[in-house]
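What follows is each chain in one-letter form.
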Amino acid sequence: MESNNHYNAIVIGGGPAGLTAGIYLSRARIRTLILSEGTIGGQMILTHEIANYPGVESVSGYQLSMIMRNQAKKFGCDIKANIQLDTLKLDGEVKEVILSDGARFTADAIILSPGGRSRTLGAPGEETLKGKGISYCATCDGDFFTDKEIMVVGGGNSALEEAVSLTKYASKVTVVHQFDHFQAFEYAIEEARSNPKISFMMETTITAFHGNEKLEGVEITDFKNGYKQNYPIDGVFIFIGYVANTEFLEGKVELNIWKEILVDTDMQTNIKGVFAAGDSIAKRYRQVTTAVADGTIAALAASKYIHELHKTIQHA
Ligand SMILES: Cc1cc2nc3c(=O)[nH]c(=O)nc-3n(C[C@H](O)[C@H](O)[C@H](O)COP(=O)(O)OP(=O)(O)OC[C@H]3O[C@@H](n4cnc5c(N)ncnc54)[C@H](O)[C@@H]3O)c2cc1C
């Protein structure tokens, strides 16, 4: 008889991708455990308003997280938040997870959905003003800055393309970039340069964010002369790169050069019985809707895998 600590599926990461996988798996009567570092909800928790999730006009990230969590629990999914992984064995038919408190779980299949994080500037005030005027997602938050003055930090394709897209909302967009040249395609540079709403502060960076309840201004340091100057501003969008939370997966599943998990169209990794979903996989667009879609596919593919595995065991 299988032990109580054996699950058909273990999902690692309790953001929208992992919670969706939990909902689909549990609803299919597959014994499932979600293990997540931090609070359930993932990056959604950092979002004070989600206005682009279909079917829900406006919802706080916290509320949407709780709705998804309760839905998964209603179908019988076990959830453990604020855990820390110690050991993860993905090879072989039985997968094994050991937590830092010594708890040990095994599973037939694993879904990896550890998400990711935007690279931050690390300037004072950034942590506390995240979501209160500082954003890392133009698609998510652009609309909140209609007719306001904003800054965009970065000089790559994302920064310049998003600066252009933000001119649909903002009255003025200032691109703040640390070098005297951009690291973007020529077309992106030309489009940004020819937009009358965009201006540039080259060889500068933001060295502090000011404000209490919301962002009120920034300190800009000029690398050419070292001068620091304060500017009032309504919003700052930071596009200086994205990091997948896959440090713990190095050497265990195939990652690309950006350390994103490589999957096929069924969200299957290079390891049998190990699937991945959400922001941590190699893909271009990272949203709640895309995470939810990946989680659905991973759960359906994992269900099929578990079903086949049990058929093989019965016939053996
Ligand atoms: C400020 C902000 C605003 C946003 N606004 C919107 C919006 O309005 N609309 C929209 O569609 N999208 C928005 N997004 C993007 C959206 O939140 C993400 O695309 C989505 O949450 C990704 O889901 P995920 O499940 O893949 O990963 P995540 O949400 O990142 O969740 C991953 C979870 O896994 C956990 N984890 C990480 N490593 C481990 C580990 N080793 N072991 C166990 N658990 C681990 C993390 O703690 C986290 O709880 C926003 C993002 C941010 C940062």
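See the structure above.
Just so it is clear, the model here is predicted, and its values are computed rather than measured.

Cut-off values and rules
Within any chain, residue numbers begin from 1 and follow the written order of that chain's sequence. With the structure being a predicted model, the display of local features is reserved for residues of pLDDT at least 70 and the display and counting of side-chain atom pairs for 80 or more, all residues being used for whole-chain, interface and lining totals. Each side-chain value is derived from all of the structure's non-hydrogen atoms; neither hydrogens nor water enter the calculation. Numbering of helices and strands starts at the N terminus; helices are DSSP runs of H or I of at least 4 residues and strands are runs of E of at least 2. Within these notes, the globule rule equals 2.2 Å times the number of residues to the 0.38 power, and the radius of gyration is based on C-alpha atoms. Each residue gets one of three labels from its accessible area relative to the maximum for its type: buried under 20%, exposed over 50%, partly exposed in between, using a 1.4 Å probe on protein chains only. We call two residues contacting when some pair of their heavy atoms lies within 4.5 Å. Shrake-Rupley sampling with a 1.4 Å probe provides the accessible areas, and residues are treated as covered by the protein chains on show and by no other component. Two residue types count as positive, namely Lys and Arg, and two as negative, namely Asp and Glu; His and chain ends fall outside the count. Where a charge lies is defined by one atom per residue type: Lys uses NZ, Arg uses CZ, Asp uses CG and Glu uses CD. Paired rings are identified among Phe, Tyr and Trp, the last through its six-membered ring, by centres lying within 6.5 Å, and are further divided according to the angle between planes into stacked (under 30 degrees), edge-to-face (over 60) and tilted (the rest). Comment: the charge-over-ring label is applied if NZ (Lys) or CZ (Arg) is within 6 Å of the ring centre and within 35 degrees of the ring normal. Whether a residue is near a molecule or strand is decided by its heavy atoms; if any one of them lies within 4 Å of it, the residue is near. Here a polar contact is recorded for every N or O atom pair within 3.5 Å, except that within protein the pair must consist of a potential hydrogen donor and a potential acceptor, and residues adjacent in sequence are included only if both atoms are side-chain atoms. All residues other than Ala, Val, Leu, Ile, Met, Phe, Trp, Tyr, Cys, Pro, Asp, Glu, Lys and Arg, Gly among them, are scored as polar; the first ten of these are nonpolar and the last four charged.

(A) Fine view of the overall build of the chain. Helix and strand counts for the chain come out as seven helices and 17 strands. Since a compact globule built from 316 residues should have a radius of gyration of about 20 Å, the 22 Å found for the chain is in line with a globular shape. Reported as C-alpha extents along the three principal axes, the dimensions of the chain are approximately 70 × 35 × 35 Å. Of all 316 residues assigned to the chain, the portion counted as buried reaches 49%. For the chain, restricting intrachain contacts to residue pairs at least 6 apart in sequence, the fraction spanning at least 24 positions comes to 60%. When the accessible area of the chain is evaluated, it comes to approximately 15,900 Å², of which 50% is carbon and sulfur surface. Positive and negative side-chain charges of the chain, numbering 30 and 38 respectively, have mean locations separated by a distance of 6 Å.

(B) Quick peek at the packing of aromatic side chains. Enumeration over the complete set of coordinates arrives at six aromatic pairs. Each ring, one from phenylalanine 275 and one from tyrosine 305, has its centre 6.1 Å from the other, and the planes form 65 degrees; the classification is edge-to-face. Residue phenylalanine 275 is located in strand 17 (residues 274–276), and its partner tyrosine 305 is located in helix 7 (residues 288–315); the two are separated by 30 residues in the primary sequence. With relative accessibility at 15%, the residue tyrosine 305 sits in the buried group. Over the face of the ring belonging to phenylalanine 200 we find arginine 193, whose NZ or CZ atom lies 5.4 Å from the ring centre.

(C) Local environment of the site of the ligand. Near the ligand you find 30 residues, and of these Glu37, Gln43, Cys140, Asp279 and Val288 are the closest. Residue asparagine 52 places a side-chain N or O atom 2.9 Å away from a nitrogen atom belonging to the ligand. Protein chains shield 93% of the accessible area of the ligand, which is 1,000 Å² for the free molecule. For the shell around the ligand, a count of residues per class yields twelve nonpolar, 15 polar and three charged.

That is the geometry; function is a separate question.
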